[in-house]
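# Residue-level structural notes
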Amino acid sequence: MSEVIRVENLCYSYPEDEGTPAVPALKDVSFSIEEGSFTAILGHNGSGKSTLAKVLCMICQPDSGKLFLHGKEMTAEDITDADIMKARREIGMVFQNPDNQIVATVVEEDVAFGCENLGIPSDEIRRRVDEALEIVGMTRYARHQPHKLSGGQKQRIAVAGTIAMKRKVIIFDESTAMLDPLGRKEVMDTIIRLNREDGITVLMITHYMNEAALADRIIVMNRGEILKDGSPNQVFGEPESMWEAGLDVPQTTELLYRCRQMGYNVPLDVFDTDECARIIAQAVLNQEGRD
Amino acid sequence: MKTDIAFGQYCEGDSILHRLDPRAKILLAVLYIVVIFMAKSATAFGLLLLFSIGLVLVSGIPVRIVLNSMKPLTFIIVFTAIINIFWMTGDTLLFQLGFVKVYLEGIINALLLVLRIMLLLICTSMFLTYTTTPISLTDGLEQLLSPLKKLHVPVHEFSMMMTIALRFIPTLIEETEKIMNAQKARGADFSQGSIVRRAKALIPILVPLFVSAFRRADELATAMECRCYTGGEGRTRMNVLKYKGSDLLAIGAVVLLGAAVVLLNLYLPGYSLTL
């Protein structure tokens, strides 16, 4: 497995505005992302997670620190616009508001938009668009008008637009935040399938603990710094430090944590509701057996 | 649905007219306008009227809708007719009311001019607004005008702006409704008082609408940049417009119609339009 993204000592401050001083959004952030991995970046509002995404997409230039994409340093002095365009072909981004990232008035035209920008021949675009719509399960809506679709469907269109460009890395910037539970599930299922079946590297920014628990790795951001970095078990295994940072843990973890405080012997790293219920029932039975 | 109103007067359908290439339809509309202006004799106008009725029948659009579309023009039609009937002078005096003299030529002129206005309206709506979606119209215009790119006319940029505008009209309508409801919930009243009062009541709607439109524009620009948009240079299209046999046939038909109109003007000039 090779490294697709590496950042070293990244710092970024929002420039000062009238009256308000410059706000440091990222302070000395370093990590690397493996190809084909599924990483969640967790943090509450203002923790710098969206800023991080903008830096990774090269929309914001970091104040200091280095950004490597596929081993190429994108923060070097001699990087041209053409290099940035080339790097952008590899990294896609799906934003929070589904309405503000759809350009065309027909679903398939919007999916084709990115490919059209790359100057790909027409019949090749056609093939890729059909394939991408198939992957996100929106083939039936190819000729529909985007504004008549649900939020979850719009987000899947945005995902299709990214995979039609054959991008291997997709960053989801709170893409489920504005959706209802059903839409959130649709998008999460699509994300997981893309990662598991198509080997796409996923970087998911979120503040839903349950979604983060589905990732292989969680990076917790707090006040522009990395607070924790590890597997969901490691990160949620110590709920106290998460609570100290003003963050939650999945409800299952919290419940198990309380059970443990009451003297039951239960693990903390269970994120499935049914599984959690089974474990607690088992623990209670064991306890009664012993008494 | 309310949000459908924004999408022009396009009538869903699958007629020959609907299926023509949008570029061909723009050309057809222009050609047909030229033919209408060439017509002088009553016979030529008769032919054009027959042709236009044919167009309406072929398009499958209800006649009622076509007639309704002329309502806004009632004033212009009546005005043109009155001016021509009372001010036109000629050889055959029909009757006289005080200083007002009405000539036969005036009446013929009035009728033909009114007919011309109606024909112009029918033809543009038949070829363009009723049978072509705004988006394919934009596409067609972009490709028709693409030679102007050499003269540094920002053709692609204009068509992109049109596309985005069309895309966001329903979104903004929805947003306006939301803001209106929010303001109503706080006791705003949009339906009472003088015009000035009502206009003032709209300010608390327009301000948040503008702010949100700018925020949307900013986010959309970022999203487009992330999708490698760099302008029209080196861009390809998924759906390339192709002229079909029927497009050439339609253009040929209108050219023939023009020839027929010229011949009728020359050889059957009875009751001609005089200017």
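Conventions used here
Residues numbered from 1 in each chain as written. Chains lettered and ligands numbered in written order. Predicted model: local features only at pLDDT ≥ 70, side-chain atom pairs only at ≥ 80, totals over all residues. Heavy atoms only, no water. Core = buried A, V, L, I, M, F, W, Y, C linked by side-chain atoms within 4.5 Å. Buried < 20%, exposed > 50% of the residue type's maximum accessible area, 1.4 Å probe, protein only. Helix = DSSP H or I, 4+ residues; strand = E, 2+ residues; numbered from the N terminus. Contact = heavy atoms within 4.5 Å. Salt bridge = Lys/Arg side-chain N within 4 Å of Asp/Glu carboxyl O. Buried area = accessible area lost by both parts, 1.4 Å probe. Polar contact = N/O pair within 3.5 Å; in protein donor to acceptor, adjacent residues only side chain to side chain. Nonpolar A, V, L, I, M, F, W, Y, C, P; charged D, E, K, R; others polar. Pairing = 2+ DSSP bridges. Axes fitted to C-alpha atoms, helices over the stretch in contact; angles between N-to-C directions.

By size, the foremost hydrophobic cluster in this structure holds 51 residues, and its most contacted members are Leu 133 and Phe 236 of chain A. Take this core: its biggest share by element is six residues, from helix 5 (residues 151–164) of chain A. The residues contacting Leu 133 of chain A, other than those within four sequence positions of it, are Val 107, Glu 108, Val 111, Met 138, Thr 139, Ala 142, Ile 157 and Ala 160 of chain A. Counting residues in each nonpolar core, the second largest holds 36 residues, with Leu 20, Leu 119, Leu 257 and Val 261 of chain B among its members.

Moving on to the pattern of salt bridges. One pass over the structure, following the stated rule, counts 28 salt bridges over all chains. In this structure, the salt-bridge partner of Arg 216 of chain B is Glu 175 of chain B, at a minimum N-O distance of 2.4 Å. Of this pair, Arg 216 of chain B sits in helix 9 (residues 195–226) while Glu 175 of chain B sits in helix 8 (residues 155–185), and the two are 41 residues apart along the sequence. Of the two residues examined, Arg 216 of chain B and Glu 175 of chain B, each falls in the buried class. Connected through salt bridges with shared partners, the residues Glu 109 and Glu 116 of chain A together with Asp 139, Glu 142, Arg 235 and Arg 237 of chain B form a single ionic network.

Moving on: the interface of chain B and chain A. Of the residues lining the interface, 31 residues belong to chain B; the matching set on chain A comes to 38 residues. Taken together, both faces of the contact between chain B and chain A bury some 3,200 Å²; the carbon and sulfur share is 54%. Taken together, chain B and chain A are joined by 18 residue pairs in polar contact (both at pLDDT 80 or more). Only helix 8 and helix 9 of chain B provide two or more residues apiece to the side of chain B that touches chain A. Of the residues in the side of chain B that touches chain A, the class split is 15 nonpolar, eight polar and eight charged.

What follows concerns the sheet that holds strand 6 (residues 91–94) of chain A. All names here are of chain A. If you walk across this open sheet you meet the six strands as 6-7-8-3-9-10, and the pairing is mixed. What marks the edges here is a single partner per strand, and that holds for strand 6 and strand 10 (225–230). Going across the sheet, the axis of each strand differs from the next one's by a mean of 15°, ignoring polarity. Sheet topology note: the strand 3 (residues 38–42)/strand 9 (residues 217–222) ladder contains four bridges and is parallel. Directly across from Ala 40, in strand 9, lies its bridge partner Ile 218.

A word on the pairing of strand 9 of chain A. Residue and element names in this part refer to chain A. Strand 9 sits mainly inside the fold: six of its six residues count as buried. Burial along strand 9 is two-sided: Arg 217, Ile 219 and Met 221 facing one way and Ile 218, Val 220 and Asn 222 facing the other are all buried. Pairing analysis gives five bridges linking strand 9 to strand 10, with the strands arranged antiparallel. Pairing of Ile 218 across the sheet is with Gly 230, part of strand 10. Between strand 9 and strand 10, which follow one another and run antiparallel, lie two residues, and Arg 223 among them has a positive phi close to 45°.

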